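As a plain string of letters, each chain reads:
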Amino acid sequence: MQEKIIILDFGSQTTQLIGRRIRELNVYCEIVPYNKFPEDTAGIKGVILSGSPYSVYDKEAFKADLSHIRSKFPVLGICYGAQFISHISGGKVGPAGSREYGRATLSSVDGNDPLLKGVNEGSQVWMSHGDTITAVPADFNIIASTCDVDIAAYHIEGENTWGVQFHPEVYHTEIGMRLLDNFLTICGCAKDWSPASFIEETVKELKKQLGDDKVILALSGGVDSSVTAVLLNKAIGKNLTCIFVDHGLLRKNEFEKVLEDYKHLGLNVIGVDAKAKFYSELAGVTEPERKRKIIGKGFIDVFDEEARKLKDIKWLAQGTIYPDIIESLSITGTVIKSHHNVGGLPEKMNLQLCEPLRLLFKDEVRRVGRELNMQEHLISRHPFPGPGLGVRILGDITPEKVRVLQDADDIFITGLREWGLYDKVWQAGVILLPVQSVGVMGDERTYENAVALRAVNSTDAMTADWAQLPYDFLAKTSNEIINKVKGVNRVTYDISSKPPATIEWE
């Protein structure tokens, strides 16, 4: 049985980072909403409570019944989580004299407490809160302080329950990984989760879940769906049929290249040319979310049509990963942007959903792919949005705009490979802007399109920074696009980070 840590998400921006850190310590974890603790507790070794944008005394603050959790599992509250445990136990939480944000230094460290084993006086931690715990019940032992925070960490006497008001998950807390590792030791975790163990456990679960049922898989050509395909092929073999749809919004010549790649994986793949359908349904549509919905529905329609040609299909598999889930719907219910592969399935398909990678981050998916001995060029491919170039053409979509963008994008991506920059960038692509500008070519005045180059570095797509590409590379790329791509006379470079921007423009 797979051991795991449950992280109760109270809406913190760093909840996913807690999960990443736990997995880096070779322990599997799952992030669930604060009020959705699993009914099946098999394998659960401990529980972590995340931070939150709310104060514990706010009317709209997220609250959870912890009585059944604290009595059964080791618990670690982080920031809001620590304040919430103190608050519901009779402690006092109130506004800090000034917002405590940034580095702080630990003092009065109780080195005998198992959570702080190996944590030294003077260790730097990262604070980020407007409230602070001002008093705790008598059975709360204070195990660390800082200059401004008397109760930086506590341990409840007679309970395996701890709270810290700093953030061990962030890079700036230099003892963060040690503290989290100590907590995992308290929980009795074996710390043996790895890509190999994930594959073994997932294949076993897929065999149990799917049995002799037949499955169709929505392939995109990217690493997520490719790894999903290989995992499913390992689990159910010939019962898997893969469908790769050309919606007319792929990169230049990608449909043919991807089908060739999949031959080497031994997969049963059906290629579907649906360009005309998508272009027709997208004609005149400019609103980004509506474009995504149309493309998503189009995929479902195509899958439904193909599924009806096959016999006894019961499951639709997808390469959904964790950032897709997070961006599709936040814990507060605010849609950031919808992803076509997590939008749900219409009843007419009568298919169940299988998403074996839904709790993995992108870098973890790549590690799994390498463990499966997949070709490196499939594993190291940049992420590419499900709606494809549809969210990189701002405004309405036409076959001519697709041609312009494909040509410009091909020059950019080919250049990154030739200059040895492709593997140093997380994700790159070109955006066709809905503006035209004046230019001069030869002796003639032009009035043509502008494009933006986008290249970012990230680890999990939750945050990203713009890649500082060499000026000479950008100059050569700009010159080549303007000279070779009919319809473009201006090239810009996007230097926005996420947040506040997103990686894609739509």
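In what follows, the structure referred to is the one given above.
The notes below deal with the structure included here. Note that this is a predicted model, so its numbers are computed, not measured.

### Some words on the overall build of the protein
Summing up its helical and strand segments, the protein has 14 helices and 18 strands in all. For 506 residues, the compact-globule estimate of 2.2 N^0.38 gives 23 Å, and the protein sits close to it at 25 Å. For the protein, long-range pairs separated by at least 24 residues make up 73% of all intrachain contacts whose partners lie at least 6 apart in sequence. Of the roughly 22,300 Å² of accessible surface on the protein, a fraction of 48% belongs to carbon and sulfur atoms. Side chains of the protein carry 57 positive and 68 negative charges; the gap between the two charge centres is 4 Å.

### A look at unusual backbone geometry
Note on backbone geometry: most residues besides glycine have negative phi, and most peptide bonds are trans. A cis geometry characterises the amide bond from K498 onward to P499, with omega recorded as -15°. Mapping P499 onto the fold places it in the segment after β18 (488-493). In this model, P499 is joined to P500 through a cis peptide bond whose omega is 10°. Of note, P500 is situated in the segment after β18. Of note, S108 is a non-glycine position whose phi angle comes to about 50°, a positive value. The residue S108 is located in the loop between β5 (92-105) and β6 (124-135) in this model.

### Side note on the nonpolar core
Ranked by internal contacts, the top residues of the largest apolar core, which has 48 residues, are V245, F412, L416, L469 and I481. Residues contacting V245, with those up to four places away along its chain left out, are L219, L250, F255, V272, A274, F278, F299, V302 and F303. Ranked by size, the runner-up nonpolar core spans 39 residues in total, among them W193, A229, Y262 and L265.

### Observations concerning the sheet that holds strand β8 (residues 153-156)
Reading across from one edge, β2-β1-β3-β4-β9-β8-β7 is the order of the 7 strands in this open sheet, with mixed pairing throughout. The open sheet terminates on both sides in strands that have one partner only, identified here as β2 (29-33) and β7 (140-144). Taken over all neighbouring pairs, the strand axes of this sheet differ in orientation by 20° on average, direction set aside. The pairing of strand β1 (residues 4-9) with β2 spans 5 bridges and is classified as parallel. Bridging across to β2, I7 finds its partner in I31. Sitting on the sheet, helix α4 (residues 176-186) is in contact with β1, β3 (44-49), β4 (75-78) and β9 (161-164), with an inclination near 155° to β4.

### Quick word on the packing of helix α5 (residues 195-210) against helix α11 (residues 362-371)
One can describe the packing of α5 onto α11 by two numbers: an axis separation of 9 Å at closest approach and a directional angle of 80°. By the criterion of interaxial angle, the relationship of α5 to α11 is roughly perpendicular. Contact with α5, carried on its side by P195, A196, F198 and I199, involves R367, V368 and E371 of α11 and no other residues of that element. Considered class by class, the residues forming the contact of α5 with α11 number 5 nonpolar, no polar and 2 charged.

### Points about helix α14 (residues 471-484)
Here α14 is 14 residues long and its end C-alpha atoms lie 20 Å apart, about the 20 Å a rise of 1.5 Å per residue gives. Taken together, the buried positions of α14 are F473, L474, T477, S478 and I481. One side of α14 holds all its buried residues, which, seen down the axis, span an arc of 130°. What points out from α14, more than 90 degrees from its buried face, is the exposed set Y471, N483 and K484.

### A short note on helix α3 (residues 80-88)
Most of α3 sits out of view: 7 of its 9 residues are buried. Along α3, the positions that sit buried rather than exposed are Y80, G81, A82, Q83, F84, I85 and S86. A positive phi of about 105° marks G90, the residue just after α3.

### Details of the sheet that holds strand β12 (residues 269-273)
Strand order in the open sheet formed by 5 strands is β12-β11-β10-β13-β14, and the pairing between neighbours is parallel. The open sheet has two edge strands with one neighbour each: β12 and β14 (352-354). Here the average twist between neighbouring strands, direction ignored, is 30°. Here 5 bridges tie strand β11 (residues 240-246) to β12, and the two strands are oriented parallel to one another. For C242, the partnering residue across the bridge sits in β12 and is V269. Sheet strands touched by helix α7 (residues 254-264): β10 (214-219), β11 and β12. Its angle to β11, the strand with the most contacts, is close to 165°. Of the strands in this sheet, β10, β11, β12 and β13 (313-317) are in contact with helix α9 (residues 288-309), which crosses β11 at around 135°.

### Focus on the packing of aromatic side chains
For the structure shown, the criterion picks out 15 aromatic pairs. For the pair F10 and F84, a centre-to-centre distance of 5.8 Å together with 45° between the ring planes defines the contact as tilted. Here F10 is found in the loop between β1 and α1 (15-24), whereas its partner F84 is found in helix α3, with 74 residues between them in sequence. Classification of F84 as buried rests on a relative accessible area of 2%. Ring geometry for W193 and F198: centres 6.3 Å apart, planes at 80°, overall edge-to-face. Residue classification places W193 among the buried residues on the basis of a relative accessible area of 8%.

About the cut-offs
- Residues numbered from 1 in each chain as written.
- Predicted model: local features only at pLDDT ≥ 70, side-chain atom pairs only at ≥ 80, totals over all residues.
- Heavy atoms only, no water.
- Helix = DSSP H or I, 4+ residues; strand = E, 2+ residues; numbered from the N terminus.
- Rg over C-alpha atoms; globule rule 2.2 N^0.38 Å.
- Contact = heavy atoms within 4.5 Å.
- Areas by Shrake-Rupley, 256 points an atom, 1.4 Å probe, with all protein chains shown as cover.
- Lys, Arg positive; Asp, Glu negative; His and termini not counted.
- Charge placed at Lys NZ, Arg CZ, Asp CG, Glu CD.
- Core = buried A, V, L, I, M, F, W, Y, C linked by side-chain atoms within 4.5 Å.
- Buried < 20%, exposed > 50% of the residue type's maximum accessible area, 1.4 Å probe, protein only.
- Pairing = 2+ DSSP bridges.
- Axes fitted to C-alpha atoms, helices over the stretch in contact; angles between N-to-C directions.
- Parallel < 35°, antiparallel > 145°, perpendicular 65-115°, else oblique.
- Nonpolar A, V, L, I, M, F, W, Y, C, P; charged D, E, K, R; others polar.
- Expected span 1.5 Å × (residues − 1).
- Arc of directions from axis to C-beta.
- Phe/Tyr/Trp six-rings, centres within 6.5 Å; stacked < 30°, edge-to-face > 60°.

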